[in-house]
Amino acid sequence: RARSPHAARANRKQRVNSMAQGKQSGQEPPEKQPDKAATPIRLGPRPLPLHLSVAAATWMSSRAAWPFLKRGLLPTRPDLKSRAAALAAELQTLPDELFDQALQKEIQSRSRDFIEGIARYRRHSYQRTLTDPEVVWRDGTTRLLDYGKTSAKRAGPGRPLLMVPSLINRGYILDLSEDCSLLRWLADQGFHPYLVDWGAPGAEERQFTLTDYIAGRLEAALDAVLARGGPPPILGGYCMGGLLALGLALRRQKDLAGLALLATPWDFSAGGAGQKATALTSLAAHRWTMEVTGELPVDAIQALFAAIDPENCLRKFLRFVALEQDSAGARAFVALEDWLNDGVPLAKEVAQVCLGEWYGDNSPARGRWRLAGQVVDPGRLTLPSLCLVPAQDRIVPPGSALALGEAIPACQILRPPAGHIGMVVSRGAPEKVWRPLARWLTHSVA
């Protein structure tokens, strides 16, 4: 509607007066007040375009391939030959047009369910409510979190346990939720856990090498734990964090009581030529991005993980859409998926070592990985040591982690029936992994 200039000025004056009154009363004007009932829309699963493309390619290839399968013209893996033959024989009994229509209908149904699963995840009401424990030391973006006061069950100070997570995933996978926290559970068992929280690389950390992280930040974090008194701490590392912990342990054996490694890779050839090729291709593809930004982007790292099992995202969201959305299973799914999508970039120099030297050259197992000029040789380790090698690990092939356990003198090796992430967050993790870990921490360390 057309309004007179006088009316427009009066309206503006009224809005200004209302805003001023709101500020004087300590309240935001109505249009500024946040909607507390609104749930933030998630951006995952990351990288979304890749997952959508893989799903589309999977369905398109299924429709394109079945006529060749029916006629015995589709190459199949040796372990699938009998199943392929049975399917081809069954297809012979069906008219092509009828089967094609049924297949198209199924593709449309799964496509709708996949997209609906993603949509439900993105608007799910779950939010992580755990607050971080006390920060007892920090340097740059790195913090040391003290879980000693999170337990009301522990009597006495407890044996210190310094846990080192990977640089490319947030450390709170070890403290995921109220219902699933390895660190708080260990505190209840009588230990005094500390967690190194790396944070995302800042301006300083983008210039870091692995030596800066291990001989610099990790040593300082260990010193902070030692300064708080008590017996020598046990050092623990999860995944890539286990390699960092190993490097620290070799430098500071006299200050430690033991070393526990969870799903820690060592022989990078165990993943086959495919993992090596994927790592080197990614390194080359993102070379200029890293030169400009000083880091390997999160989505590039997520794409590397997706390459291990490209259809995993499709399968898991088809399972998720079938769950009751207010169920414990759905909340656990969202909690874990939020963590997966909350990765951090990797400093350029570190990425070049991880992808180019570890995966590309298998430098750890070949005795070529150096830290501060010294070869990282697990054969020099004299600490009581444990290697937990999950038998169902698809991220770190069991053979890769097993090689490290065999290279450490007198290392105890446990092979729980669990996956790489499931070993710390699945429903079966407490019995399969947490309790065996606690028993070793209790009985194997003087």
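Here's the deal with helix α7 (residues 240–251)
Phase 1: For α7, with twelve residues, the first-to-last C-alpha span of 18 Å sits near the 16 Å given by 1.5 Å per residue.
Phase 2: Taken as a whole, α7 has its buried residues at Met240, Gly241, Gly242, Leu243, Leu244, Ala245, Leu246, Gly247, Leu248, Ala249 and Leu250.

Notes on the sheet that holds strand β12 (residues 412–414)
Phase 1: One open sheet accounts for eight strands, arranged β1-β2-β4-β3-β5-β6-β11-β12; its pairing is mixed. At either margin of the open sheet sits one strand with a lone partner, and together these are β1 (134–139) and β12. Each adjacent strand pair in this sheet contributes to an overall mean axis angle of 20 degrees, direction not counted.
Phase 2: In this structure, strand β3 (residues 159–164) lies alongside strand β5 (residues 234–238), joined through four bridges in parallel fashion. Each bridged residue has a counterpart across the sheet, and for Leu162 the counterpart in β5 is Leu235.

Topic: the environment of Pro364
Phase 1: Mapped onto the elements, Pro364 comes out in the loop between α13 (348–361) and β9 (370–371).
Phase 2: On the accessibility criterion, Pro364 (2% relative accessible area) is buried.
Phase 3: Placed 226 residues apart in sequence, Pro364 and Arg138 show a C-alpha to C-alpha distance of 29 Å.
Phase 4: Leave out the neighbours within four places in its chain, and Pro364 touches Trp266, Phe268, Trp358 and Trp369.

Brief notes about the side chain of Asn169
Phase 1: With respect to the helices and strands, the residue Asn169 is situated in the loop between β3 and α5 (182–188).
Phase 2: Judged by its relative accessible area of 15%, Asn169 is buried.
Phase 3: Leaving out residues up to four positions away in the same chain, Asn169 has contacts with Phe305, Trp339 and Val344.

As for a nonpolar patch on the surface
Phase 1: A cluster of nonpolar side chains, namely Phe68, Leu73 and Leu74, defines an oily patch on the protein surface of about 300 Å² accessible area.
Phase 2: Its place among the elements puts Phe68 in helix α2 (residues 48–70).

Description of the environment of Ala303
Phase 1: Relative to the elements of secondary structure, Ala303 occurs in helix α10 (residues 298–308).
Phase 2: Residue classification places Ala303 among the partly exposed positions, given a relative accessible area of 27%.
Phase 3: With residues near it in sequence (within four places) discarded, Ala303 still touches Pro47 and Leu50.

Section: unusual backbone geometry
Phase 1: The step from Gly44 to Pro45 runs through a cis peptide bond, and the omega angle for that step is -5 degrees.
Phase 2: Among the structural elements, Pro45 can be located in the loop between α1 (5–24) and α2.
Phase 3: Backbone geometry at Asn362 places phi at a positive 50 degrees, although glycine is not the residue there.
Phase 4: Secondary-structure assignment places Asn362 in the loop between α13 and β9.
Phase 5: Assessed through its relative accessible area of 12%, Asn362 is described here as buried.

Some points on the nonpolar core
Phase 1: Ranked by internal contacts, the top residues of the largest apolar core, which has 119 residues, are Tyr238 and Leu346.
Phase 2: Discounting chain neighbours no more than four positions away, the residues touching Tyr238 are Val164, Pro165, Ser166, Ile173, Leu174, Leu262, Ala263, His420, Ile421, Met423 and Val424.

Thoughts on the pattern of salt bridges
Phase 1: In total, this model carries 33 salt bridges according to the counting rule given.
Phase 2: Across the salt bridge formed by Glu106 and Arg110, the nearest N and O atoms sit 2.8 Å from each other. Placement of both Glu106 and Arg110 in helix α4 (residues 96–122) is noted, with a separation of four residues, approximately one turn of the helix.
Phase 3: Overall, the relative accessible area of 36% leaves Glu106 in the partly exposed class.
Phase 4: Relative accessible area serves as the criterion here: at 40%, Arg110 is assigned to the partly exposed category.
Phase 5: Where Arg143 meets Asp197, a salt bridge forms, and the shortest distance between an N and an O atom there is 2.7 Å. Here Asp197 lies in strand β4 (residues 191–197) and Arg143 lies in strand β2 (residues 142–146), a separation of 54 residues in the sequence. Judged on exposure class, the residue Arg143 and its partner Asp197 are both buried.

Section: helix α6 (residues 210–227)
Phase 1: With 18 residues, α6 should cover 26 Å at 1.5 Å per step; its first-to-last C-alpha distance of 24 Å lies within 8% of that length.
Phase 2: Remark: the principal bend of α6, roughly 25 degrees, maps to Glu219.
Phase 3: Leu210, Tyr213, Ile214, Arg217, Leu218, Glu219, Ala221, Leu222, Ala224 and Val225 are the residues of α6 that are buried.
Phase 4: One or two residues past the end of α6 sits Gly229, with phi positive at roughly 85 degrees.

Topic: the confidence of the model for the chain
Phase 1: Taken residue by residue, the chain gives an average pLDDT of 91. The fraction at 70 or more is 91%.
Phase 2: Between residues 1–13, whose pLDDT stays under 50, and residues either more than four places distant or in other chains, the model counts one contact.
Phase 3: Every residue in residues 15–37 scores below 50 in pLDDT, and together they form three contacts with partners more than four places removed in sequence or on other chains.

Concerning the packing of aromatic side chains
Phase 1: The tally for this structure, following the rule as stated, stands at 13 aromatic pairs.
Phase 2: Centroid distance Phe317 to Phe333: 5.3 Å. Interplanar angle 85 degrees. Geometry classified as edge-to-face. With Phe317 in helix α11 (residues 312–321) and Phe333 in helix α12 (residues 328–340), this pair connects stretches of sequence that are 16 residues apart.
Phase 3: Aromatic ring contacts, followed pair by pair, group Trp59, Phe114, Tyr121, Phe317, Phe320 and Phe333 into a single cluster.
Phase 4: A cation over a ring is seen here: Arg42 above Tyr121, with NZ or CZ 5.3 Å from the ring centre.

What counts, and where the lines are drawn
- Residues take numbers from 1 onward in each chain, read along the sequence in its written order.
- Totals for whole chains, interfaces and linings use every residue, but because this is a predicted model, local features are given only for residues with pLDDT of at least 70 and side-chain atom pairs only at 80 or more, for both listing and counting.
- Water and hydrogen atoms play no part in the side-chain values, which are based on all heavy atoms of the structure.
- A run of H or I in DSSP counts as a helix once it spans at least four residues, and a run of E counts as a strand once it spans at least two, with each numbered from the N terminus.
- In a helix, the anticipated span is given by 1.5 Å times the number of residues less one.
- Only protein chains enter the calculation, and the probe is 1.4 Å; a residue is then buried if its accessible area is under 20% of its type maximum, exposed if over 50%, and partly exposed in between.
- Pairing between strands is defined by DSSP: at least two bridges between the two strands are required.
- Here, axes are lines fitted to C-alpha atoms. For helices the fit covers the stretch in contact, and angles between N-to-C directions go from 0 to 180 degrees.
- In what follows, residue pairs with any heavy atoms lying within 4.5 Å of each other are defined as contacts.
- In this scheme, patches are assembled from residues that exceed 30% relative accessible area and form no salt bridge. Like charges are connected within 9 Å, while nonpolar side chains (Val, Leu, Ile, Met, Phe, Trp, Tyr) are connected within 5 Å.
- Residue-level accessible areas treat just the shown protein chains as cover; the underlying method is Shrake-Rupley with a 1.4 Å probe.
- Here, a salt bridge means any side-chain nitrogen of Lys or Arg that lies within 4 Å of a carboxyl oxygen of Asp or Glu.
- Think of a nonpolar core as a cluster: buried Ala, Val, Leu, Ile, Met, Phe, Trp, Tyr and Cys residues, connected wherever their side-chain atoms sit within 4.5 Å.
- Consider a residue and the seven residues that end there alongside the seven that start there; fitting an axis to each set, the bend is the angle between those axes.
- Per-residue confidence from the prediction method is given by pLDDT, with values spanning 0 to 100.
- Ring geometry is summarised as follows: Phe, Tyr and Trp rings, the Trp one being its six-membered ring, pair when their centres sit within 6.5 Å, and such pairs are stacked at plane angles under 30 degrees, edge-to-face over 60 and tilted between the two.
- Think of it as a cone above the ring: NZ of Lys or CZ of Arg counts as a charge over the ring if it is within 6 Å of the ring centre and within 35 degrees of the ring normal.

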